[in-house]
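Descriptive analysis of the structure
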Amino acid sequence: MAKAWVFGNNISTDDIIAGRYLVQRDPKQLAKHVMEAVDPSFAAKVRAGDVIVAGKNFGCGSSREHAPMALKGAGIAAVVAESFARIFFRNAINQGLPVLISKEARRGFRTGDGIRVDISRGEVLNTSTGKKFDAEPLPDFLMEILRAGGLLPYLKRMGRKSGFLREKTAV
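As for the pairing of strand β2 (residues 51–54)
The alternating pattern of β2 places V51 and V53 and I52 and A54 on opposite faces, both of which are buried. Bridge count between strand β1 (residues 4–6) and β2: three bridges; the pairing is parallel. Along β2, the bridge assignment pairs W5 with I52. Pairing between β2 and strand β3 (residues 78–81): four bridges, direction parallel. Considered in β3, the bridge of I52 is made with V79. The handedness of the β2 to β3 crossover, carried by helix α4 (residues 66–73), is right-handed.

As structure tokens, then:
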């Protein structure tokens, strides 16, 4: 069962992954240090499929794609927040990490509660309490990018579909 990890407002990209780790680009290596500025034990306790539920302005600060890479590398299935820093929101989508805006979900969760997120419908369910929260559904074009696994896989697929990119062939 997926577990909710609840954080407050203004969680910055430096809180998500400290600048000293930015020499690394492997998501699994970044995941070893994810969220350590706000919860030093987070990386050891988080499990694949878990979801972050946060307050306002999640992902503020420096523009770094390492932040969503680290979260995804740690197995985070989605981030639900009251609001996101715009550049983090786009970087998350580009990296294939689902992000949903819900003005009310944070108040309805405690760390450890069970959680189920329906990204396409914009629904967040606390499976421990049975309470359901609405989130803003993502537009179809962002859902297509997420389904592809991120922006680069999406662009490759679209390039192949259009005939602009060809599959590599053996010589």
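Remarks on the environment of I101
Mapped onto the secondary structure, I101 falls in strand β4 (residues 99–101). Measuring from C-alpha to C-alpha, the distance between I101 and F89 comes to 9.9 Å, with 12 residues separating the pair along the chain. Residue contacts for I101: discarding those within four places in its chain leaves A81, E82, F84, A135 and E136.

Description of the sheet that holds β2
What the four strands build is an open sheet, ordered β1-β2-β3-β4; its pairing is parallel. The sheet terminates laterally at β1 and β4, the two strands that pair on one side only. The sheet shows a mean angle of 20° between the axes of neighbouring strands, direction not considered.

Topic: helix α5 (residues 86–95)
For the α-helix, the turn length of 3.6 residues means that residues three or four positions removed from each other point alike. Residues F88, F89, N91, A92 and I93 constitute the buried set of α5. A positive phi of about 85° marks G96, the residue just after α5.

Quick word on the pattern of salt bridges
The tally for this structure, following the rule as stated, stands at six salt bridges. Where D14 meets R64, a salt bridge forms, and the shortest distance between an N and an O atom there is 3.1 Å. One end of the pair, D14, is in helix α1 (residues 13–16); the other, R64, is in the loop between β2 and α4, and 50 residues separate them in sequence. Under the relative-accessibility criterion, D14 is labelled partly exposed at 38%. Between R106 and E82 there is a salt bridge, with the nearest N and O atoms lying 3.2 Å from each other. Separated by 24 residues along the polypeptide, R106 in the loop between β4 and β5 (115–118) and E82 in the loop between β3 and α5 bring together distant segments of the chain. One connected set of salt bridges, linked through shared partners, spans D118, R121 and E123.

About the cut-offs
- Residues numbered from 1 in each chain as written.
- Predicted model: local features only at pLDDT ≥ 70, side-chain atom pairs only at ≥ 80, totals over all residues.
- Heavy atoms only, no water.
- Buried < 20%, exposed > 50% of the residue type's maximum accessible area, 1.4 Å probe, protein only.
- Helix = DSSP H or I, 4+ residues; strand = E, 2+ residues; numbered from the N terminus.
- Pairing = 2+ DSSP bridges.
- Right-handed = clockwise from strand over helix to strand, strands pointing away.
- Contact = heavy atoms within 4.5 Å.
- Axes fitted to C-alpha atoms, helices over the stretch in contact; angles between N-to-C directions.
- Salt bridge = Lys/Arg side-chain N within 4 Å of Asp/Glu carboxyl O.

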